[in-house]
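# Breakdown of the fold
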Amino acid sequence: DLEILPERGLANDNLEFTLGLPFQLIINNIKKHHTLIPTVHVIFDEKDPLANDLVITLPNNGIRLYFDSFKQLLKVIEVADMSLLVLKYCGSIICQSGSVPSLDKIDHCFGATNPGVYDPSNQTFQLKFRGLQFEFPANEALINLNPSGINPVNFDVAPLVSKMYIYIGNSLYNASAPSVPVHYLAGNVLVEKVEGVVENNQIDSVKVTLYYEKLVSNMRGNQHDSRKKSQVTIKLGFSCQHLMALLGSPNKVFYKLSDKMKIHTPSGSRGANNEKTNNYFLNYFNLGMDLLMHGTKHVLMKIILHTNFPCHYHFNIYQRCHFSIKIMSHSEGIIDITPFTKWEAISDLCEHEKPVVVTRSSSDNNTNPFRPT
């Protein structure tokens with residue numbers, strides 16, 4: 001059973017599709033309920049991942065989830081087949097498996113306050129509420145034209161709902177992804193933005209703006225949720241203890257078992273591969289970053305920021321890190337490098353003509369590593 005929550009989403013005690021939740025979290029929740037959600041399709045524009053929404057389709061459950069392609073936050077929930085679900089609203093059952101609610105049922109449960117609108121492009125009758133829209137099949141011959149442009153429809157037999165949408169605001173077509181819900185921040189820290197600190201056209205540190213939950217007490221002693229932001233600076237050479245004090249414990253620590261890039265170092269400095277002195281990564285999946293630490297000195301050597309584009313080998317492991325690094329270019333002036341900057345725009349700043357090709361022979365990922373950059 002799922003409860004319909006206008007301007008919020010669909011939810012029950014175990015599963016929630018809440019507007020504003022990150023793509024990664026929705027996928028992880030679906031994985032936990034694989035017996036109830038056996039089939040999942042991810043749809044995106046392979047040539048231009050930013051051109052259209054990122055969509056998760058649950059064909060066996062009749063649900064489509066639309067994510068903003070830039071923020072990767074849930075924007076719109078579509079129930080394309082209501083006969084596959086049991087839906088409730090304020091304790092009243094809207095529909096059960098195998099049945100579809102009629103216009104009369106929607107009027108009874110939601111109390112329609114205005115007539116519906118006929119959409120001639122889709123030949124549907126749309127009944128709109130704030131943050132909620134129902135669509136019904138309609139025949140243009142049944143439309144009573146009126147000069148105001150709002151065409152109410154009179155039906156001899158009440159039509160059945162064909163689709164339902166949940167979104168933020170008054171218009172489905174102008175809906176945008178809200179910020180991450182406060183309840184998700186309980187125990188979680190997320191990144192709002194990362195700014196590169198450039199000195200002498202070199203980057204040795206980044207400023208990270210974090211946001212998280214802060215519990216606030218009011219005059220009566222009641223507590224309510226609010227957001228709090230803080231800014232920390234991460235600089236190359238920082239110790240492991242210093243980094244954990246700023247960012248908290250990592251989600252995972254990964255030790256490099258072998259360093260394939262040692263072939264490019266002078267032969268005298270390669271040495272034997274000693275597992276105790278291998279470099280290691282502090283993986284912050286929620287922050288969209290990795291920190292490479294020196295195996296013996298335990299100081300920061302490299303900062304890796306993830307863009308989380310579809311087709312990438314690490315897609316859906318990390319949340320997208322919204323970084324901004326401004327670098328001076330002799331030909332273009334100041335270039336602002338973001339997760340959406342293409343290689344052609346920054347190739348002149350790099351010593352190599354093309355990115356390094358990483359071959360993963362043990363992986364099933366055979367896609368072009370440069371398809372989206």
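Let me begin by describing the structure that accompanies this report. Values in this document were obtained by computation on a predicted structure and should not be read as measured data. (Residues numbered from 1 in each chain as written. Predicted model: local features only at pLDDT ≥ 70, side-chain atom pairs only at ≥ 80, totals over all residues. Heavy atoms only, no water.)

## Considerations on the pairing of strand 19 (residues 289-293)
- Taken across its five residues, strand 19 has five buried, putting it largely inside the fold.
- The two faces of strand 19 match: Met289, Leu291 and Met293 on one face and Asp290 and Leu292 on the other face are all buried.
- Note that strand 18 (residues 280-284) and strand 19 share five bridges and pair antiparallel. Each residue of the ladder has a partner; that of leucine 282, found in strand 19, is leucine 291.
- Between the end of strand 18 and the start of strand 19, which pair antiparallel, lie four residues, with glycine 288 showing a positive phi angle near 70°.
- Direction of pairing for strand 19 relative to strand 20 (residues 300-305): antiparallel, over a ladder of five bridges. Note that in strand 20 the partner of leucine 291 across the bridge is isoleucine 303.
- The antiparallel pairing of strand 19 with strand 20 creates a hairpin that spans six residues between the two strands, and histidine 298 there sits at a positive phi of about 55°. (Buried < 20%, exposed > 50% of the residue type's maximum accessible area, 1.4 Å probe, protein only. Helix = DSSP H or I, 4+ residues; strand = E, 2+ residues; numbered from the N terminus. Pairing = 2+ DSSP bridges.)

## Re the nonpolar core
- Ranked by internal contacts, the top residues of the largest apolar core, which has 49 residues, are Leu10, Phe17, Leu87, Phe134 and Met164.
- Take this core: its biggest share by element is five residues, from helix 1 (residues 23-32).
- Setting aside residues up to four positions removed in sequence, phenylalanine 134 forms contacts with Met82, Ile106, Phe110, Phe125, Gln126, Leu127, Phe129, Val161, Lys163 and Met164.
- Counting residues in each nonpolar core, the second largest holds 26 residues, with Leu247, Tyr280, Leu282 and Ile335 among its members. (Core = buried A, V, L, I, M, F, W, Y, C linked by side-chain atoms within 4.5 Å. Contact = heavy atoms within 4.5 Å.)

## Regarding the pattern of salt bridges
- Throughout the structure, instances matching the rule amount to seven salt bridges.
- A salt bridge links glutamate 7 to arginine 130; the nearest nitrogen and oxygen atoms lie 3.3 Å apart. Here glutamate 7, found in the loop between strand 1 (2-5) and strand 2 (9-11), pairs with arginine 130, found in the loop between strand 11 (124-129) and strand 12 (132-137); they are 123 residues apart in sequence, far enough to count as distant.
- Owing to a relative accessible area of 24%, glutamate 7 belongs among the partly exposed residues under this scheme.
- Between lysine 75 and aspartate 53 there is a salt bridge, and its shortest N-O distance comes to 3.0 Å. Taken together, the residues lysine 75 in strand 7 (residues 74-79) and aspartate 53 in the loop between strand 4 (41-43) and strand 5 (54-58) connect sequence positions 22 residues apart. (Salt bridge = Lys/Arg side-chain N within 4 Å of Asp/Glu carboxyl O.)

Treat this as a map of the structure, not an account of what it does.
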